[in-house]
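Chain by chain, the residues run as shown.
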Amino acid sequence: MLNDLKFSPAFKSFVDTSFFHELSRLKLEVFKLDSAEKELFSALDLENITSNTVSLSLRDDSFDPVLNNEAVTLKGSVLNFNTIESFKSCDKVKFIKEKGQQLLEQGLKNGLKECVRFYVISFADLKKYKFYYWVCMPTFQSEGSSYEIISTKSIEDGVKKDIWEQNSFISCVVDGKIQEASPQYLKVCQKVIFKDFSRLKGIPAAVTKNFLTVWSQISTRNTYTICFLRDDNSSFAAEIRVTGSNTGCLKVSGWEKNGLGKLAPKSADLSSLMDPVKIAEQSIDLNLKLMKWRIAPDIDLERIKNIKALILGSGTLGCYVARALLAWGTRHVTFVDNSTVSFSNPVRQPLFNFEDCGRPKAEAASDSLKKIFPSVVSAGYQLEIPMIGHPVSNESKQRKDYEILDELIRTHDVIFLLMDARETRWLPSVLGRMHEKIVINAALGFDSYLVMRHGNNNDNLGCYFCNDIVAPSDSLTDRTLDQMCTVTRPGVALLAASQAVELLVTYLQPSTNVLGSAPHQIRGFLNEFKTVKLETPAYQHCCASNENVILTLKENGWNFVKQALDDYKCVEQLSGLSKVQEEAELAIQEDISFDDDEELSIE
Amino acid sequence: MLSLQQYNKQLPEIAKLVSRWDKASRVQLIKEISDHILVVNMRQKQFLTIELQINYDKVYQVPSIRFRLWEHALDDEDVSSSKLLFLSDVELRSIIALNSFSVSLSSDPTTKEVWYHVNNCDTDANVGTEPERYLLRWISLYLQIFDPTLNIMLI
């Protein structure tokens, strides 16, 4: 009496966490909204089969076509849906039926190796780090057909060793020679050799149905012989008869059952898998990378991320600028300030709390930033930026402060000038120009603000001091408290800080098509809720960007700074401002005439 | 100590042995460029599986084992969900037979994934230094953490 051929489950899937990490990365950076199928590859370990069925392992390298050359590789694909709803509503019966039909056609066209394939449907919830997936390996046969075993016999070791080393899991024997199981050879071969995915005694893996369906459509014969090779002592050859119609409608199955034997998807919650710091890093990147999906595909996030920002002044502006940089993904922020956190600061300056009062501001701001995002590279320097027009009082300290400032500016890419006093901005402006750095300046009035980027050697745009015809000098001595402190409407600093960072980010982009063009200056007026864009040219006699000033600083370093601190007039002399002032005086004198009644009139 | 060359040579045989382990639901030998890794998934309880990896510790030059626990559940829509489980030392000892072994949580320097690592400082003292059948001696001792009856399989 003949027995129907029975089959074991085709596979058992194991999806490593590395696969989900790679899927997340590809989804964010490469696939984006593209939900077309992507190729996968799985290296089958046919020598270490457990539970009688081959393990279909998916890892990060499963996306790589040059997977381990030594392994038997099975091709597959992943269809990653954009929404959980589309994942759930996917018609799984229709899906596998279509795949079965495609595999049959591929098998008929290209041979038995192409009629076995696995498919993964998935949805990656990148915010929650939860992945839904379901794996199938379609197995098919024509409706109404059946497979009867005519005979079986065990295979001697010698036969299987000849081909066990080969990479392919399927081949055929033509006149004693092992050949690829292509349509051409399948017509004439004596038998097919399959490195079986099953270890159940006398029961081959379910994909055998695919081989028999394809083979019987390519070559009509009374019986079909398949050798099922295994690495243990259970290899066998079976002579099989295909009965019934082999060209009827296809019966396709192959969705994997879950742990409880139900036909349903699986999910992996990886939220607790990684170090929370790493998760924070990826989550920040996630929010930013979503910009590239639809809104700004060409945005250069890496440039923003890798830039080293130096924040001079760790007050309200400094704190908000740092937070906005962090939100843009910038990983390297250094603070400089000379004072300590006062009791009035925490309510306006978002990096400080009540407990920080009394601590050096730069250090407290840096610590706070690291608390918000532990992966940020941040440091705080408590130093006094030497101010033009403020005579040297402690040379060794001031010289050291100058040297640290010079080194900080040299080693950063962008310098934010966010200090209170105007004269504090002079030296960093000159150093920024000397070291060819991006300099972003923000200054506050009571209900107005200025945000600008300093010009450079290429754009002929001005710096903060280019509109002045006098060099800055001591503006703090003999001033009342309200004149020395930044008295401003609280919202002005937020506006200015965010505009300063957005100006930088826009400026960093490779073209104006990405985020628009970066203006030179933005002036905001809160009393009218108005913003104006301005552009002013570089001034050849500017006290900060004049060539002589920069050259002198380059050549004389501290000695020149000391001179400028002691007497700001020397800078006016050097830049040519003195001459301009003299000429202006002369011009005024020439234009002033006195009438007969000695009344002053200006023409 | 066991040389990397010896480790790579002995591991395939160990993989074959482990694939006979009735608790193992998957055994995969991954041949990386330098050292090989053996990945084993094993059933521990009805809704608990253990994923363990045997790899080579280049600093101590001994085999090393790390593992993590996966808790499985079925949601309202019959989706089988898996989630990592991190337990206190006491709870962990109720699931696996740590005995005198010490285990600590640490993150992988490359992937930042968190694993339980079995301390391997005393490996040579525990299994001897003779290279021949080193890995066999090693798994017969260290895999008992996960299955105290494992030695029967190795006979």
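All values derive from a computational prediction rather than experimental measurement.

S.K.: Mind showing me how you'd approach the overall build of chain B here?
M.R.: Within chain B, the secondary structure is distributed over 5 helices and 7 strands. Counted from the first residue to the last, chain B has its helices and strands arranged as α-β-β-β-β-β-α-β-β-α-α-α. Expected size for 155 residues packed as a compact globule is a radius of gyration near 15 Å; at 16 Å, chain B falls within 12% of this value. For chain B, the C-alpha atoms occupy an extent of roughly 55 × 35 × 35 Å along the three principal directions. The proportion of buried residues among the 155 residues of chain B is 52%. Expressed as a percentage of contacts within chain B between residues at least 6 apart in sequence, the contacts between residues at least 24 apart total 44%. When the accessible surface of chain B is summed, it comes to about 7600 Å², and 52% of that surface belongs to carbon and sulfur atoms. The averaged location of the 20 negative side-chain charges in chain B is 6 Å from the averaged location of its 16 positive side-chain charges.

S.K.: Whenever I open this one, the overall build of chain A confuses me. Can you help?
M.R.: Helix and strand content of chain A: 19 helices and 25 strands. Taking all 603 residues of chain A together, the buried fraction comes to 53%. Sequence-distant contacts, at least 24 apart, represent 72% of the contacts inside chain A between residues at least 6 apart. Accessible area for chain A stands at about 27800 Å²; split by element, carbon and sulfur atoms hold 49% of it. Side chains of chain A give 68 positive and 79 negative charges; the mean places of these two sets differ by 14 Å.

S.K.: Can you help me understand the interface of chain A and chain B in this one?
M.R.: Bring the parts together and some accessible area is lost; that lost area is often taken as the interface size. Taken together, the contact pairs 37 residues of chain A with 34 residues of chain B. Interface area for chain A against chain B, summed over the two sides, is near 2800 Å², with a carbon-plus-sulfur share of 48%. Taken together, the links from chain A to chain B amount to 5 salt bridges. Here K88 of chain A makes a salt bridge to E77 of chain B, at a shortest N to O gap of 3.2 Å. If you list the elements that add at least two residues to the side of chain A that touches chain B, you get β2 (12-15), α1 (17-31), β4 (55-58) and β15 (266-269) of chain A.

S.K.: Could you clarify how one ought to interpret the domain arrangement of chain A in this entry?
M.R.: Residue and element names in this part refer to chain A. Assigned domains of chain A: these are domain 1 (1-274) and domain 2 (281-584). The interface of domain 1 with domain 2 comprises 9 residues on the first partner and 8 residues on the second. Buried surface at the junction of domain 1 and domain 2, summed over both partners, amounts to about 920 Å²; 65% is from carbon and sulfur atoms. Looking only at domain 1, the three residues that lose the most surface to domain 2 are L28, K32 and L33, adding up to 56% of its buried area.

S.K.: For this particular structure, what's the right way to read the sheet that holds strand β10 (residues 177-180) of chain A?
M.R.: Residues and elements named next belong to chain A. Sheet architecture is open: 7 strands sit in the order β1-β8-β13-β12-β11-β9-β10, paired in mixed fashion. Whereas interior strands pair on both sides, the edge strands pair on one side only; in this sheet they are β1 (3-4) and β10. Alignment of strand β9 (residues 170-174) against β10, held across 4 bridges, turns out to be antiparallel. Its bridge partner being in β10, V173 is matched across the sheet by I178. Where helix α6 (residues 208-218) meets the sheet, its contacts fall on β8 (146-154), β9, β11 (191-195), β12 (224-229) and β13 (236-243), and the angle it forms with β12 comes to roughly 150°.

S.K.: Please clarify how the UniProt feature "short sequence motif: GXGXXG motif" in chain A should be interpreted in this entry.
M.R.: Under the local residue numbering, the UniProt record ascribes the feature "short sequence motif: GXGXXG motif" to residues 313-318 of chain A. Taken end to end, residues 313-318 of chain A is 50% helix and 0% strand, and its first and last C-alpha atoms sit 6 Å apart.

S.K.: Would you mind showing me how to read helix α16 (residues 547-556) of chain A here?
M.R.: Each α-helix turn comprises 3.6 residues. Residues three or four places apart therefore point the same way. Residue and element names in this part refer to chain A. Regarding α16, the residues found buried are V549, I550, T552 and L553. Down the axis of α16, the sector holding all buried residues measures 165°, keeping them to one side. Exposed side of α16, more than 90 degrees from the buried face: E547, K554 and E555 are the residues found there. Contacts made by the buried residues of α16 are with α11 (395-411), α12 (426-434), α17 (558-566) and α18 (569-575). Its side-chain oxygen placed 2.8 Å from the backbone nitrogen of N548, N546 serves as the N-cap of α16. Just beyond α16, the residue with positive phi is G557, at close to 50°.

S.K.: Can you walk me through the packing of helix α9 (residues 316-327) of chain A against helix α14 (residues 490-508) of chain A in this structure?
M.R.: When two helices pack together, you describe them by how their axes are tilted relative to each other and by the distance separating the axes. Residue and element names in this part refer to chain A. Direction vectors running N to C along α9 and α14 enclose 45°, while the axes themselves pass 8 Å from each other. One way to sum up the angle between α9 and α14 is to call them oblique. Crossing handedness for the pair α9 and α14: right-handed. Across the interface between the two elements, T316, L317, Y320, V321, A324 and L325 from α9 touch A493, L494, A496, A497, A500, V501 and L504 from α14. The residue makeup of the contact of α9 with α14, split by class, is 12 nonpolar, 1 polar and no charged.

S.K.: Would you take a moment to explain the UniProt feature "active site" in chain B for this structure?
M.R.: The residues that UniProt annotates with the feature "active site" are C121 of chain B. Of note, C121 of chain B is situated in the loop between β7 (114-118) and α3 (123-127).

S.K.: How do you make sense of the packing of aromatic side chains when you look at a structure like this?
M.R.: When we look at a pair of aromatic rings, we describe it by the centre distance and by the angle of the planes. For the structure shown, the criterion picks out 29 aromatic pairs over all chains. Measuring from centroid to centroid gives 4.8 Å for F101 of chain B and Y142 of chain B, while their planes differ by 50°, and the two rings are tilted. You can see F101 of chain B sitting in the loop between α2 (89-95) and β6 (103-107) and its partner Y142 of chain B sitting in helix α4 (residues 134-142), a full 41 residues away along the chain. A single burial state applies to F101 of chain B and to Y142 of chain B, both of which are buried. Each residue in the set F19, F20, F63, Y129, F131 and Y133 of chain A is aromatic and connected to the rest through ring pairs, giving one cluster.

Calculation rules
Residues numbered from 1 in each chain as written. Chains lettered and ligands numbered in written order. Predicted model: local features only at pLDDT ≥ 70, side-chain atom pairs only at ≥ 80, totals over all residues. Heavy atoms only, no water. Helix = DSSP H or I, 4+ residues; strand = E, 2+ residues; numbered from the N terminus. Rg over C-alpha atoms; globule rule 2.2 N^0.38 Å. Buried < 20%, exposed > 50% of the residue type's maximum accessible area, 1.4 Å probe, protein only. Contact = heavy atoms within 4.5 Å. Areas by Shrake-Rupley, 256 points an atom, 1.4 Å probe, with all protein chains shown as cover. Lys, Arg positive; Asp, Glu negative; His and termini not counted. Charge placed at Lys NZ, Arg CZ, Asp CG, Glu CD. Buried area = accessible area lost by both parts, 1.4 Å probe. Salt bridge = Lys/Arg side-chain N within 4 Å of Asp/Glu carboxyl O. Domains from an automatic or database assignment. Pairing = 2+ DSSP bridges. Axes fitted to C-alpha atoms, helices over the stretch in contact; angles between N-to-C directions. UniProt positions renumbered as here; feature names shortened; annotations may be inferred. Arc of directions from axis to C-beta. Polar contact = N/O pair within 3.5 Å; in protein donor to acceptor, adjacent residues only side chain to side chain. Parallel < 35°, antiparallel > 145°, perpendicular 65-115°, else oblique. Left-handed = near helix turned anticlockwise from the far one by under 90°. Nonpolar A, V, L, I, M, F, W, Y, C, P; charged D, E, K, R; others polar. Phe/Tyr/Trp six-rings, centres within 6.5 Å; stacked < 30°, edge-to-face > 60°.

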